[in-house]
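# Geometric and topological summary
The lines below spell out each chain.
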Amino acid sequence: GNSVTQMEGPVTLSEEAFLTINCTYTATGYPSLFWYVQYPGEGLQLLLKATKADDKGSNKGFEATYRKETTSFHLEKGSVQVSDSAVYFCALSESGGADGLTFGKGTHLIIQP
Amino acid sequence: GAVVSQHPSRVICKSGTSVKIECRSLDFQATTMFWYRQFPKKSLMLMATSNEGSKATYEQGVEKDKFLINHASLTLSTLTVTSAHPEDSSFYICSAPRPGLSDEQYFGPGTRLTVT
């Protein structure tokens, strides 16, 4: 079956630091890959996605590149802000989303001023 | 603003009772909705797919008689936890596919269920 593995947190960084959250996946087919973010007290929101190999998703300064050869989709940001503090989930979807999403365990990111 | 709502946001019930959680899509129709369960420090686990006009599809290991799902309309799905036990205490989250981009999901804010 499908699975997503991401680094477990919490990850604590200082403001303006460089961020990497690793994510690797196992899938039987050719999935779409996502990063969702959950801010305190809110529902999950789509942060970015990529649907095919070598695609780069980007949003709000975050980027992730779909690497089929390494089955990875690492999330990066060059300079984090306190407002980026949240839980980040890597996820995949096959069948065009008809079968729901497979999530990683989530990484709690804490940015200190 | 939120495009998927859940009600209630928190509920406490006694063992043996049943509790219903509602998931509504706001301003769009959803023939399919998904129900997830989130354990502390764990990933969201897909429980079932709610299908308007037909039976829900449950993931392996999820008891369909315990977690009753009804997709009452194109904007409403309900999850009823029957004969709740303390081990059913969890965070339940629903989602609906974004219209026109079905591989993206809009998520509800979740419902915290505590069974005493």
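To keep things clear, this report deals only with the structure shown in the data block. The model shown is predicted, which means the values in this text are computed figures rather than measured ones. (Residues numbered from 1 in each chain as written. Chains lettered and ligands numbered in written order. Predicted model: local features only at pLDDT ≥ 70, side-chain atom pairs only at ≥ 80, totals over all residues. Heavy atoms only, no water.)

### Regarding the interface of chain A and chain B
To be explicit about the condition: Contacts were defined at the residue level, with two residues in contact if any of their heavy atoms lie within 4.5 Å. By buried area we mean how much accessible surface two parts lose on assembly, using a 1.4 Å probe and totalling the loss over both. The working definition used for a salt bridge is a side-chain nitrogen of Lys or Arg within 4 Å of a carboxyl oxygen of Asp or Glu. Distance and chemistry together define a polar contact, namely a pair of N or O atoms within 3.5 Å, with one atom able to donate a hydrogen and the other to accept it when in protein, and with adjacent residues in sequence counting only for side-chain atoms on both sides. A helix here means a DSSP run of H or I that spans at least four residues, while a strand means a run of E at least two residues long, and both kinds are numbered starting from the N terminus.
With 20 residues of chain A at the interface, the matching set in chain B holds 18 residues. Between chain A and chain B, a total of about 1,500 Å² is buried, with carbon and sulfur atoms accounting for 54% of that surface. When the area that chain A buries against chain B is broken down by residue, the three leading residues are L44, F103 and K105 of chain A, summing to 29%. In this structure, the connection of chain A to chain B is made through two salt bridges. Residue K49 of chain A is joined to E104 of chain B by a salt bridge in which the shortest nitrogen-to-oxygen separation is 2.8 Å. Here chain A and chain B share five residue pairs in polar contact (both at pLDDT 80 or more) between them. Broken down by secondary-structure element, the contributors of at least two residues to the side of chain A that touches chain B are β5 (32–38), β6 (45–50) and β10 (86–93) of chain A.

### As for the state of the cysteines
Note the cut-off: Defined by distance alone, a disulfide is two cysteine sulfur atoms within 2.5 Å. Note on classification: 1.4 Å probe, protein chains only; a residue is buried when its accessible area is under 20% of the maximum for its type, exposed when over 50%, partly exposed between these limits.
Here the structure, examined in full by the defined rule, presents two disulfides over all chains. Put simply, C23 of chain A and C90 of chain A are joined by a disulfide, and their sulfur atoms are 1.9 Å apart. When the S-S torsion is -70°, as for the bridge of C23 of chain A with C90 of chain A, the disulfide is left-handed. Taken together, the residues C23 of chain A in strand β4 (residues 23–26) and C90 of chain A in strand β10 connect sequence positions 67 residues apart. We classify C90 of chain A as buried; its relative accessible area is 1%. In this model C23 of chain B forms its disulfide with C94 of chain B; the gap between the sulfur atoms is 2.0 Å.

### A few points about the nonpolar core
Spelled out, the test is: Among the buried residues, those of types Ala, Val, Leu, Ile, Met, Phe, Trp, Tyr and Cys that are joined through side-chain atoms within 4.5 Å form a nonpolar core.
W35, L47, L48, F73, L75 and Y88 of chain A are the most contacted members of the largest nonpolar core, which totals 26 residues. For this core, the elements supplying multiple residues, two or more each, are β2 (11–14), β3 (19–21), β4, β5, β6, β8 (62–65), β10 and β12 (107–112) of chain A. Those residues within four positions of L48 of chain A in sequence are excluded, and the remaining contacts are L33, F34, W35, G57, S58, N59, F62, E63, A64, F73 and L75 of chain A. Judged by nonpolar contacts, the second largest core, of 24 residues, contains V11, C13, A30 and Y92 of chain B.

### With respect to the sheet that holds β8 of chain A
Residue and element names in this part refer to chain A. Note the threshold: Here, a strand pair is defined by DSSP locating no fewer than two bridges between the strands. To obtain each axis, a line is fitted to C-alpha atoms, and for helices this fit is confined to the stretch in contact; angles are then taken between N-to-C directions over 0 to 180 degrees.
In spatial order, the strands read β3-β9-β8-β7; together these four strands make up an open sheet with antiparallel pairing. With one partner strand each, in any of the chains shown, β3 and β7 (56–59) form the two edges of the open sheet. Adjacent strand axes in the sheet meet at a mean angle of 15° when their direction is disregarded. Pairing of β3 with strand β9 (residues 75–77), which is carried by three bridges, proceeds in the antiparallel orientation. What sits directly across from I21, in β9, is L75.

### Overview of the sheet that holds strand β1 (residues 4–7) of chain B
Residues and elements named next belong to chain B. Taken in spatial order, the four strands of this open sheet run β1-β3-β8-β7, and their pairing is antiparallel. Each having just a single partner strand, β1 and β7 (67–73) make up the two edges of the open sheet. With strand direction ignored, the average angle separating the axes of adjacent strands in the sheet is 20°. Across six bridges, the pairing between strand β3 (residues 19–25) and strand β8 (residues 76–81) is antiparallel. Bridged to I21 within β8 is L79.

### Some remarks on the pairing of β3 of chain B
Residues and elements named next belong to chain B. Going residue by residue along β3, you find V19, I21, C23 and S25 tucked away on one face and K20, E22 and R24 left uncovered on the opposite face. Bridge count for β1 against β3 is four bridges, and the pairing is antiparallel. Bridged to H7 within β3 is E22.

### Some thoughts on the pattern of salt bridges
Under the criterion given, the structure shown has ten salt bridges over all chains. Put simply, D84 of chain A and K77 of chain A hold a salt bridge, and the shortest N to O gap is 2.8 Å. With respect to class, D84 of chain A is no different from K77 of chain A; both count as buried. Between E104 of chain B and R98 of chain B there is a salt bridge, and its shortest N-O distance comes to 2.9 Å.

### A closer look at the layout of surface pockets
Operational definition: Definitions used throughout: a 1 Å grid over protein atoms alone; a cavity as a set of points that fits a 1.4 Å probe which cannot get out; a pocket as an open set with protein on both sides within 12 Å along at least five of seven lines; a lining residue as one with an atom within 4 Å of a point. Grid points are joined across faces, edges and corners, and a volume is the space filled by probe spheres set on the points. Residues are grouped as follows: Ala, Val, Leu, Ile, Met, Phe, Trp, Tyr, Cys and Pro are nonpolar; Asp, Glu, Lys and Arg are charged; every other residue, Gly included, is polar.
Taken as a whole, the largest pocket spans an internal volume of roughly 770 Å³. Surrounding the largest pocket, 26 residues form its lining, Q38, V87 and F89 of chain A together with Q38 and K41 of chain B being those nearest its centre. If you list the elements that add at least two residues to the lining of the largest pocket, you get β10 and β12 of chain A. Ranked by residues supplied to the lining of the largest pocket, first place goes to β10 of chain A with three residues. Of the residues belonging to the lining of the largest pocket, the class tally is ten nonpolar, nine polar and seven charged.

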